[in-house]
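Examination of the molecular architecture
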Amino acid sequence: MSAPPLILASTSPYRAELLGRLALPFETVAPEVDESHLRGEPPTAMVARLARAKAAAVAAARPDAVVLGGDQCLDLDGGILGKPGNFDTALAQLRAVSGRTAVFRSALCVLGPGGTAVGSEEVPFAVTFRALGEDEIRRYLAHDRPFDCAGSVRSEGRALALMERTDGPDPTALMGLPLIAASRLLRAAGLAVL
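Structure report, in brief. (Residues numbered from 1 in each chain as written. Predicted model: local features only at pLDDT ≥ 70, side-chain atom pairs only at ≥ 80, totals over all residues. Heavy atoms only, no water.)

Before going further, it helps to examine the side chain of serine 106. Inspection of the secondary structure puts serine 106 in strand S5 (residues 101–111). Only 2.9 Å separates the side chain of serine 106 from the backbone oxygen of alanine 173, close enough to count as a polar contact. Residue contacts for serine 106: discarding those within four places in its chain leaves Asp71, Gln72, Glu121, Glu122, Val123, Ala173, Gly176 and Pro178. (Helix = DSSP H or I, 4+ residues; strand = E, 2+ residues; numbered from the N terminus. Polar contact = N/O pair within 3.5 Å; in protein donor to acceptor, adjacent residues only side chain to side chain. Contact = heavy atoms within 4.5 Å.)

Spelled out as structure tokens, the structure:
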């Protein structure tokens, strides 16, 4: 019997690139989920809720598939820094993290065929940012344009130059799809990752 199809419930090119590293065939489907933060919702709860909601939205339309949903935010002392969307918000976010430590919260949820729960995980990844000068923040934003990245950090670009140090169990968590956890969850769903 063949394995069910794998669907990434995301339109993020960064998540698709990361999942592609596992060399599993997959397709991407936009989850069409409201990603608004709920008042008083802690960062860990928000990313877990949104990862589940994205997976569930796609699983409802594709009950034949294994669906992987994910979400990420930057947690700065319990405050949520999401995708900035524009230059001014990105500038404010990077000013806020300058010289401080913040935690990227990346959550995953995997649903099996029929929407059956396989598992979910939240993977933290701490980043200590250097004291950032205004000019270097502006140059980084002009070059990388990280307006679709949590906390205005596009780690696939020059963002590592903004950092003093990092600490986390999986370096791909910084990029929004922790592959160690994803591999574990996909194996639990019956997919042959290796």
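Okay, back to it.
Moving on to the packing of helix H3 (residues 87–97) against helix H4 (residues 134–144). Contact geometry for H3 and H4: axes closest at 10 Å, N-to-C directions at 135 degrees. With respect to each other, H3 and H4 are oriented oblique. Helix-helix and strand crossings are classified by hand; for H3 and H4 the assignment is right-handed. Residues Phe87, Ala90, Leu91, Leu94 and Arg95 of H3 form the contact with H4, whose participating residues are Glu134, Ile137, Arg138, Tyr140 and Leu141. (Axes fitted to C-alpha atoms, helices over the stretch in contact; angles between N-to-C directions. Parallel < 35°, antiparallel > 145°, perpendicular 65-115°, else oblique. Left-handed = near helix turned anticlockwise from the far one by under 90°.)

Looking now at the nonpolar core. Counting residues in hydrophobic clusters, the biggest one holds 44 residues, and the most contacted among them are Leu19, Leu94, Phe129, Leu141 and Leu186. At the level of secondary structure, the elements contributing two or more residues to this core comprise strand S1 (6–9), helix H1 (13–20), strand S3 (66–76), H3, S5, strand S6 (117–129), H4 and helix H5 (179–188). No other element matches the five residues that H5 contributes to this core. Excluding anything up to four places from it in sequence, leucine 186 contacts Leu6, Leu19, Leu22, Leu24, Val66, Val110, Leu191 and Val193. Formed by 15 residues, the second largest nonpolar core is a distinct cluster that contains Met46, Ala51, Ala59 and Ala65. (Core = buried A, V, L, I, M, F, W, Y, C linked by side-chain atoms within 4.5 Å. Buried < 20%, exposed > 50% of the residue type's maximum accessible area, 1.4 Å probe, protein only.)

The next thing to look at is the environment of glutamate 27. With respect to the element layout, glutamate 27 can be found in strand S2 (residues 27–28). A sequence separation of 155 residues divides glutamate 27 from alanine 182, and the C-alpha atoms of the two residues are 15 Å apart. The residues touching glutamate 27, leaving out its near neighbours within four places in the chain, are Leu6, Ile7, Leu8 and Arg62. Within polar-contact distance, the side chain of glutamate 27 engages the side chain of arginine 62 at 3.1 Å.

On to the pairing of S1, then. Residues of S1 alternate between two faces, with Leu6 and Leu8 on one and Ile7 and Ala9 on the opposite face, all of them buried. Here four bridges tie S1 to S3, and the two strands are oriented parallel to one another. What sits directly across from isoleucine 7, in S3, is valine 67. Pairing geometry for S1 and S2, over two bridges, is parallel. In the sheet register, leucine 8 faces S2, and the bridge partner there is threonine 28. With H1 bridging S1 and its parallel neighbour S2, the resulting β-α-β unit is right-handed. (Pairing = 2+ DSSP bridges. Right-handed = clockwise from strand over helix to strand, strands pointing away.)

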